[in-house]
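Architecture at a glance
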Amino acid sequence: MSLSEIVASTEAGILTLRINRPDKKNALTNAMYTGLAEALAEAGKNPGIRVVLFAGCPEIFCSGNDLQDFLSAEGSLNDLPVGRFIRELGGFGKPVVAAVNGAAIGIGTTLLLHCDLVYAGEGARFQLPFTNLGLCPEFASSYVLPRLLGHVRAAELLMLGEVLTADKALAFGLINEVLPPAEVEARALAQAQRLARQAPEALRITKRLMRQSYGDGVTQAIAVEMDHFSALLKGPEMKEAVQAFLQKRAPDFSRFS
């Protein structure tokens, strides 16, 4: 991983993890997932880190996985760096804040479901185009979203891959606030600073208590989704989606049953 692709900086108890690969629309590679997972693991053990703040670039938050890098990896998602990142963030015990400008696609959106506070720019767009790619949901989104939004709204996002505007994401309760793009990171940082001044053990317990309402559902959903996602990743529907992407056409799933 280039040191510039995940920029980690710490100040006043806040670890900022910036996805910084704008030439590839902040698409995540296995190396970048490794960097994020290791940073979270270290932050979890470091008492000097009170809060983690995720950020992207001014024009884009994250476009999901780097398909070429992703498809070249062998084995189940559970054994790959993305699986480690999902487990680290899904089980992270300290507060997590996110600042989103531009597009947040695929895991760029699902990772936000595991943040505690999310602030977005007016032009932010959220999309979960898994079925469009012949894939299924990941990061417990098939479990969390129906419980947050209800089945029919979750189906629009997960089954149709509808694009969600920042205003609609706010109305759905997926983000905390919509701001002018230039103000997003400052607002997210200010809130992270407030959290960093709170009693740390009280915050960790509060976060743990809030998660109890999901029981073991999130952990179980992550594991089941990974199994299905891994199988679909090597399947014919995904191959058709990739070929269609390379040929700049819409995928044709009509021959599949």
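This report concerns the structure included in the present document. Computed from a predicted model, the values in this text were never measured in an experiment. (Residues numbered from 1 in each chain as written. Predicted model: local features only at pLDDT ≥ 70, side-chain atom pairs only at ≥ 80, totals over all residues. Heavy atoms only, no water.)

**A few points about the packing of helix α5 (residues 141-149) against helix α10 (residues 217-233)**
Where α5 contacts α10, the axes come no closer than 8 Å and their chain directions differ by 130°. Classified by the interaxial angle, the pair formed by α5 and α10 is oblique. Contact residues: α5 offers S141, S142, Y143 and V144, while α10 offers G217, V218, A221 and E225. Class assignment for the residues of the contact of α5 with α10 results in four nonpolar, three polar and one charged. (Axes fitted to C-alpha atoms, helices over the stretch in contact; angles between N-to-C directions. Helix = DSSP H or I, 4+ residues; strand = E, 2+ residues; numbered from the N terminus. Parallel < 35°, antiparallel > 145°, perpendicular 65-115°, else oblique. Contact = heavy atoms within 4.5 Å. Nonpolar A, V, L, I, M, F, W, Y, C, P; charged D, E, K, R; others polar.)

**Considerations on the sheet that holds strand β5 (residues 96-100)**
Strands sit in the order β1-β2-β3-β5-β7-β10 across an open sheet of six strands; the sheet is mixed. Two strands close off the open sheet at either side, each with one partner strand: β1 (6-11) and β10 (177-179). Averaged over all neighbouring strand pairs, the angle between strand axes comes to 20°, with direction disregarded. By the bridge criterion, four bridges tie β5 to strand β7 (residues 117-121) in an arrangement that is parallel. In the sheet register, V97 faces β7, and the bridge partner there is L117. (Pairing = 2+ DSSP bridges.)

**Let's talk about the sheet that holds strand β9 (residues 164-165)**
Pairing is mixed across the open sheet formed by four strands, whose spatial order is β4-β6-β8-β9. Edge strands, defined here as strands with exactly one partner in the open sheet, are β4 (60-62) and β9. Note that β4 and strand β6 (residues 103-105) share two bridges and pair parallel. Paired with I60 across the two strands is A103, which belongs to β6.

**Side note on the pairing of β1**
Note: β1 against strand β2 (residues 14-19), six bridges, orientation antiparallel. By the bridge assignment, S9 is partnered in β2 with T16.

**Examining the environment of L189**
Within the secondary structure layout, L189 lies in helix α8 (residues 184-196). Taking the C-alpha atoms as reference points, L189 and L158, separated by 31 residues in sequence, lie 30 Å from one another. When residues no more than four places from it in sequence are discounted, the contact partners of L189 are I14 and L53.

**Things to note about the pattern of salt bridges**
All chains considered together, the criterion is met by ten salt bridges. For E185, the salt bridge identified is with R18, shortest N-O distance 2.8 Å. Of this pair, E185 sits in helix α8 while R18 is found in strand β2, placing the two residues 167 residues apart along the sequence. For K207, the salt bridge goes to D116, with nearest N and O atoms at 2.9 Å. Taken together, the residues span a long stretch of sequence, with K207 in helix α9 (residues 200-211) and D116 in the loop between α4 (107-110) and β7 at a distance of 91 residues. Look at the salt bridges and you will find they share partners, linking E5, R21 and D66 into a network. (Salt bridge = Lys/Arg side-chain N within 4 Å of Asp/Glu carboxyl O.)

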